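Inside the fold
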Amino acid sequence: QPHLVESGGGLVQPGGSLRLSCAASGFTSGFYAIGWFRQAPGKEREGVSCISSSDGSTYYAGSVQGRFTISRDNSKNTAWLQMNNLKPEDTAVYYCNLRLGSNDYWGQGTKVTVSS
């Protein structure tokens with residue numbers, strides 16, 4: 001089954017930027033969509049952004065719209081999340097999600113900490 005690996009997390013000050021990467025492997029068929037979720041301590045997992053494989057249409061949570069940008073390269077099975085103007089509320093573990101058929105596949109996560 002698919003294997004996803006996230007990278008790019010770290011510590012950044014408010015107003016700073018980070019770029020997360022997600023590399024997917026372990027499958028041969030096309031996927032429906034790839035995206036990002038996040039989970040802060042004591043809170044539920046939250047959908048952040050996703051992008052379709054077919055037409056590149058995107059979704060952004062209202063809390064990140066205008067600050068985050070998702071992109072992908074289908075040939076490389078890779079997605080990125082460019083995060084600008086980061087806020088302390090963005091602190092969370094960010095997980096890459098791959099939608100394949102009717103199933104969701106997850107990476108191990110990369111931690112983002114926004115603090116001064």
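In every chain, residue numbers begin from 1 and rise along the written sequence. Totals for whole chains, interfaces and linings use every residue, but because this is a predicted model, local features are given only for residues with pLDDT of at least 70 and side-chain atom pairs only at 80 or more, for both listing and counting. Just so you know, side-chain values use all the structure's heavy atoms and leave hydrogens and water out.

The subject of this paragraph is the nonpolar core. Definition of nonpolar core: a set of buried residues of the types Ala, Val, Leu, Ile, Met, Phe, Trp, Tyr and Cys, connected through side-chain atoms within 4.5 Å. Categorising residues by exposure relies on relative accessible area from a 1.4 Å probe, with only protein chains included: less than 20% of the type maximum marks a residue as buried, more than 50% marks it as exposed, and the intermediate range marks it as partly exposed. Residues Ile34, Trp36, Phe68, Leu81, Met83 and Tyr94 are the most contacted members of the largest nonpolar core, which totals 30 residues. Think of it this way: any DSSP run of H or I at least four residues long counts as a helix, any run of E at least two long counts as a strand, and we number them from the N terminus. Those elements giving two or more residues to this core turn out to be strand S3 (18-25), strand S4 (33-39), strand S5 (46-52), strand S7 (68-73), strand S8 (78-83), strand S9 (92-100) and strand S11 (110-114). Sort the elements by how many residues they give to this core and S9 lands first, with five residues. The contacts of Leu81, once residues within four sequence positions are left out, are Leu18, Arg19, Leu20, Trp36, Val48, Ser49, Phe68, Thr69, Ile70 and Tyr94. The contact rule is simple, with two residues in contact once any of their heavy atoms fall within 4.5 Å.

Here the focus is the pairing of S9. If a strand is regular, its side chains alternate between the two faces of the sheet. Two strands are counted as paired when DSSP detects at least two bridges linking them. In terms of strand pairing, S4 meets S9 through seven bridges, oriented antiparallel. Bridge pairing in S9 places Ile34 opposite Leu98. By the bridge criterion, three bridges tie S9 to S11 in an arrangement that is antiparallel. Across the sheet, residue Val93 finds its bridge partner in S11, namely Lys111.

Turning next to the sheet that holds S7. Here four strands make up an open sheet; going across it, the order is S1-S3-S8-S7 and the pairing antiparallel. Unpaired on one side and paired on the other, strand S1 (3-7) and S7 mark the two borders of the sheet. Shown here is a sheet whose adjacent strand axes are inclined to one another by a mean of 15°, direction ignored. Bridging between S7 and S8 involves six bridges; their strand directions are antiparallel. Helix axes use the C-alpha atoms of the stretch in contact, all axes being lines fitted to C-alpha atoms, and the angles between their N-to-C directions lie in the range 0 to 180 degrees.

Time to look at the pattern of salt bridges. Note on pairing: side chains with opposite charge can pair once their charged atoms come close. Whenever Lys or Arg places a side-chain nitrogen within 4 Å of a carboxyl oxygen from Asp or Glu, that contact is recorded as a salt bridge. Counted by the stated rule, this structure contains four salt bridges. In this structure, Arg99 and Asp104 form a salt bridge, with 3.6 Å as the shortest nitrogen-oxygen distance. Overall, Arg99 belongs to the partly exposed group, its relative accessible area being 35%. Of the residues examined, Asp104 reaches a relative accessible area of 39% and is grouped as partly exposed. Connected through shared salt-bridge partners, Arg38, Glu46, Arg67 and Asp90 make up one network.

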